[in-house]
Number of protein chains: 2
Amino acid sequence: MLTVKKTSEAAEIILSSLSGTMPDEQAPVTLALGRTLAFDLTAKEFVPDFDRSTVDGYAVMASDTFGCGESTPAMLRLTGEVEMGIRPNTGISKGECVYVPTGGEIPQGADAMVMIEYAEDYGDEYRYIMKPSAPGAHIVYKGDDVKPGKTVLEAGHILRAQDIGVLAALGYEFVDVRRKPRAGIISTGDELVGVNDSLRGAQVRDINSYTLYAGMKAAGAEPVMYGICPDDYETLKQKVKQAALECDLLLISGGSSVGVKDTTQKIIEELSDSGVLLHGMAVKPGKPTIYGLIGGKPVFGLPGHPVSAFFIFNKFVRPLITAMLGAKEPIEKRIKATLAANLPSNQGREEYVNVRLVQEEKGLCAVPVYGKSGLISVLAEADGYIRIDRDCEGLSAGAEVDVLLL
Amino acid sequence: MLTVKKTSEAAEIILSSLSGTMPDEQAPVTLALGRTLAFDLTAKEFVPDFDRSTVDGYAVMASDTFGCGESTPAMLRLTGEVEMGIRPNTGISKGECVYVPTGGEIPQGADAMVMIEYAEDYGDEYRYIMKPSAPGAHIVYKGDDVKPGKTVLEAGHILRAQDIGVLAALGYEFVDVRRKPRAGIISTGDELVGVNDSLRGAQVRDINSYTLYAGMKAAGAEPVMYGICPDDYETLKQKVKQAALECDLLLISGGSSVGVKDTTQKIIEELSDSGVLLHGMAVKPGKPTIYGLIGGKPVFGLPGHPVSAFFIFNKFVRPLITAMLGAKEPIEKRIKATLAANLPSNQGREEYVNVRLVQEEKGLCAVPVYGKSGLISVLAEADGYIRIDRDCEGLSAGAEVDVLLL
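Residues numbered from 1 in each chain as written. Chains lettered and ligands numbered in written order. Predicted model: local features only at pLDDT ≥ 70, side-chain atom pairs only at ≥ 80, totals over all residues. Heavy atoms only, no water.

Undergrad: Explain the overall build of chain A to me, please; I cannot follow it from the model alone.
TA: On a plain count of helices and strands, chain A comes out with eight helices and 28 strands. Taken against the 2.2 N^0.38 rule, which gives 22 Å for 406 residues, the C-alpha radius of gyration of chain A at 31 Å runs more than 25% over that of a compact globule. Taken over the C-alpha atoms alone, chain A extends approximately 95 × 55 × 40 Å along its principal axes. Relative to its 406 residues, chain A shows a buried fraction of 54%. Considering only intrachain contacts with a sequence separation of at least 6, the fraction spanning at least 24 residues in chain A is 72%. (Helix = DSSP H or I, 4+ residues; strand = E, 2+ residues; numbered from the N terminus. Rg over C-alpha atoms; globule rule 2.2 N^0.38 Å. Buried < 20%, exposed > 50% of the residue type's maximum accessible area, 1.4 Å probe, protein only. Contact = heavy atoms within 4.5 Å.)

What follows is the structure, encoded as structure tokens:
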């Protein structure tokens, strides 16, 4: 008999049930934003690939400029000009200089740059240098930024916009990323109708298919909607079986009434190579959550209530997707705010309260979002969650709280 | 003559140059994640559409249960059972009850629910109620969550996963959102080669096209790459002209050398119905940034240096995209950290320093990311920026700093 688990135990059970990360695949660099690197990304080129000036000015031998000054300029013969993107065809010798633009290659023989504002041009063949330059001044040497073999981004890194530039800089047109897990989504309930059906009688629209679909996209998975399934054992079993074959994980929401609650559990238990690992969590909302494996694939039985289902999605499913992708845990988006109302103590279980953030003169305020029914108004209004510990006696208005942003 | 502007002045000039927001278009709800609502979203239905039970139990007349208790149960005749999604065909009268599952409709005549655990079933036609129920107990009335005409999400709201569920709940299969601005991206420089070219001589790969492309996607725009343009006035002018016709805004990066720097400005000035509004900002990095309009469309001349270009993108281009979408400013992703090294004073201009975040025992540390060349290693390593005020004398190691996450 499975007992109700604390959230930390539940998270442990879920994550340790994974048999491995998703296989890798190649993605074009322009489509790789938000994808997870499958392997360490190592440089295969020098960056830059040549000694490069960081200023507009003159390439010189530093020793030619030692001791010079405004009243005693160093007189260096200008022997040429380097063009952007073209390798200089001559070097410089003692007493000479060559014009090099920012980003241009330093010619052979030169070991320093003099910025153009410290070189006078009187229209003759010389440039008059008025400030000494130290060896290496204003030069980036070949490989200074990156040398071949260097690990530039680590496996598990989630690619940001700037990383896409890094990939391009290193000549990667394609990149090895983890394949997105296909996430099957099934909503159960005789009372459910689709978004484009007209409501008749005691029906409600299917909400979970949509929050979970969008949530899966945001989490880096590829959602697949299997639609609404009536509370019928055989129909649901066939649908679950099919979805488990086609997907990498499965979310079945609904079945909040007593009889139906057991259906999802029974189906997970009865399909071959499957089993329930978790039934019930000591958390509000989301207590009746079920977790198990079908053919080694994670399956969640989520509450039917949209607010509860979405909370469990954020708290347990998102981290699972992160783990399936082998991705590093992202930095949590937390923000400090002042609680705007008393929150009564919970009853011995961890509780999460939806809050709306309001910018007031004294700072950011967290206003609890209730709603007797809380079908959708809570979803629409909440900016994040506050966590209330299971042993907490309640929180008072004015307390500083951590809001986990949605 | 345009003078170098403070960042606050620059932001003001850029935002006030906009003539309006993007037009609206219809998006399917499953593809609307991250899009910006064009208009207030109002409910066109009641949610729920009927009086609904929030528990499994018995619908009763509350007055029938007054005064009952474990030793004096109220004996109510069970006259039926409500099925999910189906309108009850009979009501209840005094002395009667009807079974209703969670989410089922309350039958006519009933005004309270009794939870199943407070009703004994001895196998006869009665249920024995052991706890009084107050009128309205465990019932969500029609429209309790939302009534037709209520504004559920405001214009300018950026749709999150839970909002997609809200749309579905309200029967919106399509939603009016702001069209994504088409953002043309041009990289200029004779030294640039593409990601799949082989490097020859003093060439570097085009990085900005890729960071800006991905950055535009992340910002909610639709990027269009126009590729690499050599530092040639006529070629660039034609390309800019074409891109300005096809796009809603334009980013031209590069042209960091003196001669070329003026090219972008000259082109913006010379094209018909256009002009430069901003040339230079008192900020490091990104001083040489140009901003203007071509045919009323925003055009940025960004620095060629990838770190500078990406900084200006985040600091000025992203907020412009937000404004073009008529979107609400998102809550900034800021995090407190302890500075790990001294930062010298800047020279009378606002400065932004890239930092890497490291979780240490004492807390989160912000480690400045330098790099003499900083072509790509800074991009790869930075997690965010620290701002140093123009009048700041520098920051000491150990100082608490605000890190603006990338």
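Undergrad: Would you mind showing me how to read a positive patch on the surface here?
TA: On the surface, a cluster of positive charge is made up of Arg-318 and Lys-333 of chain A together with Arg-318 and Lys-333 of chain B. With respect to the helices and strands, the residue Arg-318 of chain B is situated in helix α7 (residues 306-324). (Patch = residues over 30% accessible without salt bridge, like charges linked within 9 Å, V, L, I, M, F, W, Y side chains within 5 Å. Areas by Shrake-Rupley, 256 points an atom, 1.4 Å probe, with all protein chains shown as cover. Salt bridge = Lys/Arg side-chain N within 4 Å of Asp/Glu carboxyl O. Lys, Arg positive; Asp, Glu negative; His and termini not counted. Charge placed at Lys NZ, Arg CZ, Asp CG, Glu CD.)

Undergrad: Would you explain helix α1 (residues 7-16) of chain B in this entry?
TA: Within an α-helix, residues lying three or four positions from one another point in the same direction, as the helix has 3.6 residues per turn. All names here are of chain B. Residues of α1 that are buried: Thr-7, Ala-10 and Ile-14. Projection of α1 onto a plane perpendicular to its axis shows the buried side chains occupying an angular sector of 60 degrees, all on one side. When the buried face of α1 is taken as reference, the exposed residues oriented beyond 90 degrees from it are Ser-8 and Glu-12. For α1, the elements touching its buried residues are β18 (274-279), β19 (283-284), β20 (290-294), β21 (297-302), α7 and β24 (350-360). (Arc of directions from axis to C-beta.)

Undergrad: Explain the sheet that holds strand β6 (residues 96-100) of chain B to me, please; I cannot follow it from the model alone.
TA: Note on sheets: strands pair through backbone hydrogen bonds, and any given pair is parallel or antiparallel. Residue and element names in this part refer to chain B. Reading across the sheet, the six strands line up as β7-β4-β6-β5-β9-β8 and stay open at both edges, with mixed pairing between neighbours. Strands with a single pairing partner mark the edges of an open sheet, and in this sheet they are β7 (112-115) and β8 (119-120). Alignment of strand β5 (residues 74-81) against β6, held across four bridges, turns out to be parallel. Bridge pairing in β6 places Arg-77 opposite Glu-96. (Pairing = 2+ DSSP bridges.)

Undergrad: Can you walk me through the sheet that holds strand β21 (residues 297-302) of chain A in this structure?
TA: All names here are of chain A. One open sheet holds the six strands; their spatial order is β16-β13-β17-β21-β20-β18, and the pairing between them is mixed. The outermost strands of the open sheet, each flanked by one partner alone, are β16 (222-229) and β18 (274-279). Shown here is a sheet whose adjacent strand axes are inclined to one another by a mean of 20 degrees, direction ignored. Across six bridges, strand β13 (residues 182-188) lies against β16 in parallel orientation. Bridge pairing in β16 links Gly-184 to Val-224. Strands in contact with helix α1 (residues 7-16) are β18, β20 (290-294) and β21; relative to β18, the strand with the most contacts, it is inclined by about 160 degrees. (Axes fitted to C-alpha atoms, helices over the stretch in contact; angles between N-to-C directions.)

Undergrad: I'm lost on the interface of chain B and chain A in this one. Help?
TA: A common way to report how large an interface is uses the accessible area buried once the components associate. Counting residues at the interface gives 83 residues for chain B, matched by 83 residues for chain A. With both sides pooled, the region where chain B packs onto chain A buries about 6,600 Å², and carbon together with sulfur makes up 65% of that total. Contact with chain A buries surface across chain B, with Gln-162, Ala-202 and Ile-376 of chain B losing the most and accounting together for 9% of the total. Our count for the chain B to chain A interface comes out at six salt bridges. (Buried area = accessible area lost by both parts, 1.4 Å probe.)

Undergrad: How should I be thinking about the packing of helix α4 (residues 208-219) of chain B against α7 of chain B in this particular structure?
TA: To characterise two packed helices, one gives the angle between the axes of the helices and the distance between these axes. Residues and elements named next belong to chain B. At a minimum axis distance of 10 Å, the contact between α4 and α7 shows a crossing angle of 25 degrees. Taken together, the axes of α4 and α7 lie roughly parallel to each other. The handedness of the crossing between α4 and α7 is right-handed. Contact residues: α4 offers Asn-208, Thr-211, Leu-212, Gly-215, Met-216, Ala-218 and Ala-219, while α7 offers Pro-306, Ala-309, Phe-310, Phe-313, Val-317, Arg-318 and Ile-321. Considered class by class, the residues forming the contact of α4 with α7 number ten nonpolar, three polar and one charged. (Parallel < 35°, antiparallel > 145°, perpendicular 65-115°, else oblique. Left-handed = near helix turned anticlockwise from the far one by under 90°. Nonpolar A, V, L, I, M, F, W, Y, C, P; charged D, E, K, R; others polar.)

Undergrad: What am I meant to see in the environment of Pro-368 of chain B here?
TA: Residue and element names in this part refer to chain B. Of note, Pro-368 is situated in strand β25 (residues 363-368). For the pair Pro-368 and Phe-66, spaced 302 residues apart in sequence, the C-alpha to C-alpha distance is 70 Å. With near-sequence residues (within four places) excluded, Pro-368 lies in contact with Leu-339, Ala-341, Leu-343, Val-353, Asn-354 and Val-355.

Undergrad: Looking at this structure, I do not really get the state of the cysteines. What am I missing?
TA: A complete count under the given rule lists zero disulfides over all chains for this structure. Unpaired in terms of disulfides, Cys-392 of chain A finds its nearest cysteine sulfur in Cys-365 of chain A, a separation of 19 Å. In this structure Cys-229 of chain B is not part of a disulfide, and its nearest cysteine sulfur, from Cys-247 of chain B, lies 14 Å away. Look at Cys-229 of chain B and you get buried, because its relative accessible area is 0%. (Disulfide = S-S within 2.5 Å.)

Undergrad: In this structure, what is going on with empty space enclosed by the protein? I would like to understand it.
TA: Over the atoms, a rolled probe matching the size of one water molecule traces out where space is still vacant. If you walk through the whole model with that rule in mind, you get four cavities of 30 Å³ or more. Its volume calculated, the largest cavity comes out at about 80 Å³. Lining the largest cavity are Glu-332, Lys-333, Arg-334, Ile-335 and Leu-405 of chain A together with Glu-332, Lys-333, Arg-334, Ile-335 and Leu-405 of chain B. Going through the elements one at a time, β22 (334-339) of chain A together with β22 (334-339) of chain B are the ones with two or more residues in the lining of the largest cavity. (1 Å grid on protein atoms, 1.4 Å probe; cavity = no way out; pocket = protein on both sides within 12 Å on 5 of 7 lines; lining within 4 Å. Points joined across faces, edges and corners; volume = space filled by probe spheres on them.)

Undergrad: Hey, could you run me through the pattern of salt bridges in this one?
TA: Should the charged atoms of two oppositely charged side chains come close, the side chains can pair. The final tally for this structure, using the stated rule, is 34 salt bridges over all chains. A salt bridge links Lys-328 of chain A to Glu-154 of chain A; its shortest N-O distance comes to 3.3 Å. Highlighted residues: Lys-328 of chain A in the loop between α7 (306-324) and β22 and Glu-154 of chain A in the loop between β11 (151-153) and α3 (161-169), separated in sequence by 174 residues. Take Lys-328 of chain A: its relative accessible area is 39%, and that puts it in the partly exposed class. Judged by relative accessible area, which is 45%, Glu-154 of chain A ranks as partly exposed. Salt bridges sharing common partners tie together Arg-160 and Asp-163 of chain A together with Asp-383 of chain B.

Undergrad: I'm lost on α7 of chain A in this one. Help?
TA: All names here are of chain A. Its axis deflected by about 40 degrees at Asn-314, α7 carries its strongest bend there. Among the 19 residues in α7, 15 count as buried, and that is most of the element. Once α7 ends, the next one or two residues include Gly-326, with phi positive near 60 degrees. (Bend = angle between axes of the 7 residues up to and from the residue.)

Undergrad: I keep staring at the side chain of Ser-133 of chain A and nothing clicks. Help me out?
TA: Residues and elements named next belong to chain A. Here Ser-133 lies in the loop between β9 (126-129) and β10 (139-140). A distance of 2.6 Å separates a polar side-chain atom of Ser-133 from the backbone oxygen of Met-113. If near-sequence neighbours (up to four positions away) are discounted, Ser-133 is found in contact with Ala-62, Thr-65, Phe-66, Ala-112, Met-113 and Val-114. (Polar contact = N/O pair within 3.5 Å; in protein donor to acceptor, adjacent residues only side chain to side chain.)

Undergrad: Looking at this model, I keep getting lost on the nonpolar core. Mind explaining?
TA: Burial of nonpolar side chains together is a common tendency in soluble globular proteins. One finds Met-216, Phe-300 and Ile-376 of chain A together with Leu-159 and Leu-170 of chain B to be the most contacted residues of the largest nonpolar core, which totals 66 residues. Broken down by element, this core gets its largest block of residues, eleven residues, from α7 of chain A. Beyond its immediate sequence surroundings of up to four residues, Phe-300 of chain A is in contact with Ile-14, Leu-250, Leu-251, Ile-252, Thr-289, Ile-290, Tyr-291, Phe-316, Val-317 and Leu-320 of chain A. By size, the runner-up hydrophobic cluster in this structure holds 65 residues, among which are Ala-169 of chain A together with Ile-207, Leu-278 and Leu-320 of chain B. (Core = buried A, V, L, I, M, F, W, Y, C linked by side-chain atoms within 4.5 Å.)

Undergrad: Is there a simple way to think about the relation of the copies chain B and chain A in this case?
TA: Note on the identical chains: chain B maps onto chain A by a rotation of 180 degrees and an axial translation of 0.0 Å, with an RMSD of 0.1 Å. Seen this way, the second copy is the image of the first under a two-fold rotation axis. Taking the C-alpha atom as reference, chain B places Lys-333 of chain B closest to the rotation axis, 3.5 Å from it. (Least-squares fit on C-alpha atoms with pLDDT ≥ 70 in both.)

Undergrad: How should I be thinking about the packing of aromatic side chains in this particular structure?
TA: Inspection of the entire model under this criterion finds 14 aromatic pairs over all chains. Taken together, a centroid distance of 6.3 Å and an interplanar angle of 10 degrees make the contact between Phe-310 of chain B and Phe-313 of chain B stacked. Placement of the pair is Phe-310 of chain B and Phe-313 of chain B together in helix α7, with a separation of three residues, close to one helical turn. Exposure class is identical for Phe-310 of chain B and Phe-313 of chain B. Each is buried. Grouping aromatic residues by their ring pairs yields a cluster made of Phe-311, Tyr-352 and Tyr-385 of chain A. The ring of Tyr-172 of chain A is capped by Lys-44 of chain A, whose NZ or CZ atom sits 4.4 Å from the centre of that ring. Geometry around Phe-39 of chain A places Arg-178 of chain A over its ring, the cationic atom sitting 5.8 Å from the centre. (Phe/Tyr/Trp six-rings, centres within 6.5 Å; stacked < 30°, edge-to-face > 60°. Lys NZ or Arg CZ within 6 Å of the ring centre and 35° of its normal.)

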